[in-house]
Amino acid sequence: MDQTLPLSALQHYLYCPRQCALIHVEKVWEENRFTAEGRLLHLRADSGATGRRGGIAEDRSVPLRSDRLGLYGVADVVELRPGPDGRERPYPVEYKRGSPKVEDWDRVQLCAQAMCLEEMLGVTIPEGAIFYGKPRRRERVVFEKVLRVLVEKACGDMHAMIEGGEVPPAEVGKRCRGCSLAGACMPGASARVESYLLKGLE
Ligand code: SF4
């Protein structure tokens, strides 16, 4: 891979490859309510504190990097939990503003964080968790082989798209309703036409 991309690019790619390309190939960015709320939730997790919660040690805003996956970023929280051999093992926890999704997007992103930590620390990380704002609860994520394969494939495809300067065509779907780049994606459509198109998907 020619370049190292932010973990947020993988998040955008998993949501919609065109959205990722608009940001990383066309260099477009817009903020809407969803990204603003997500940023506030992350700011709460990104306090930079190191301490203990419920008897478990944790580090916040942990820098991540994987040369193999071509990724860099920051983990919201990495807890240090005792493994079966009694030694502390990293346990990444990601904060999300919304509710658990049917799609694998969030789990793939968390697994990518774990794979960065594995490469950096030379350890195996079997699981982590995602904290959802609605409802306020944690979902445990086991980093199984199938999830790891999804991370490798998504990273490979994303790098090929961005390094090739490719911007896929728009495919209107339900995800477009919450998309921060709907205006830039469909510049020819007026707000009313856009809203009409998206309402038809409800
Ligand atoms: S509006 Fe829809 S197709 Fe366009 S970038 Fe957003 S999610 Fe993708």
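Calculation rules
Residues numbered from 1 in each chain as written. Predicted model: local features only at pLDDT ≥ 70, side-chain atom pairs only at ≥ 80, totals over all residues. Heavy atoms only, no water. UniProt positions renumbered as here; feature names shortened; annotations may be inferred. Salt bridge = Lys/Arg side-chain N within 4 Å of Asp/Glu carboxyl O. Helix = DSSP H or I, 4+ residues; strand = E, 2+ residues; numbered from the N terminus. Buried < 20%, exposed > 50% of the residue type's maximum accessible area, 1.4 Å probe, protein only. Phe/Tyr/Trp six-rings, centres within 6.5 Å; stacked < 30°, edge-to-face > 60°.

- As recorded in an unreviewed UniProt entry, the protein goes by the name CRISPR-associated exonuclease Cas4, listed as coming from Pseudodesulfovibrio indicus.
- What UniProt states about the protein under its Sequence similarities (unreviewed entry) heading is, verbatim, "Belongs to the CRISPR-associated exonuclease Cas4 family."

## Remarks on the pattern of salt bridges
- Tallying each qualifying case throughout the model produces twelve salt bridges.
- Note that Glu79 and Arg138 form a salt bridge whose closest N and O atoms lie 2.6 Å from each other. Pair noted here: Glu79 is in strand 4 (residues 71-82) and Arg138 is in strand 7 (residues 137-142), with a separation of 59 residues, a long-range link.
- Here Arg138 falls in the partly exposed class, since its relative accessible area comes to 33%.
- The closest approach of N and O atoms between Arg107 and Asp104, which form a salt bridge, is 3.0 Å.
- Here Arg107 falls in the buried class, since its relative accessible area comes to 17%.
- When salt bridges that share partners are traced, they join Glu79, Arg81 and Arg138 into one network.

## Things to note about the packing of aromatic side chains
- In this structure the tally under the stated criterion is two aromatic pairs.
- Ring centres of Tyr15 and Trp105 lie 5.4 Å apart, and the angle between their planes is 65°; on these two criteria the pair is classed as edge-to-face. With Tyr15 in helix 1 (residues 7-15) and Trp105 in helix 4 (residues 105-121), this pair connects stretches of sequence that are 90 residues apart.
- Between Tyr95 and Phe131 the ring centres are 5.2 Å apart and the planes differ by 40°, which places this aromatic pair in the tilted class. Of this pair, Tyr95 sits in strand 5 (residues 88-96) while Phe131 sits in strand 6 (residues 127-132); the two residues are 36 residues apart in sequence, bridging distant segments of the chain.
- Accessibility expressed as a relative area gives 12% for Tyr95, which makes it buried.

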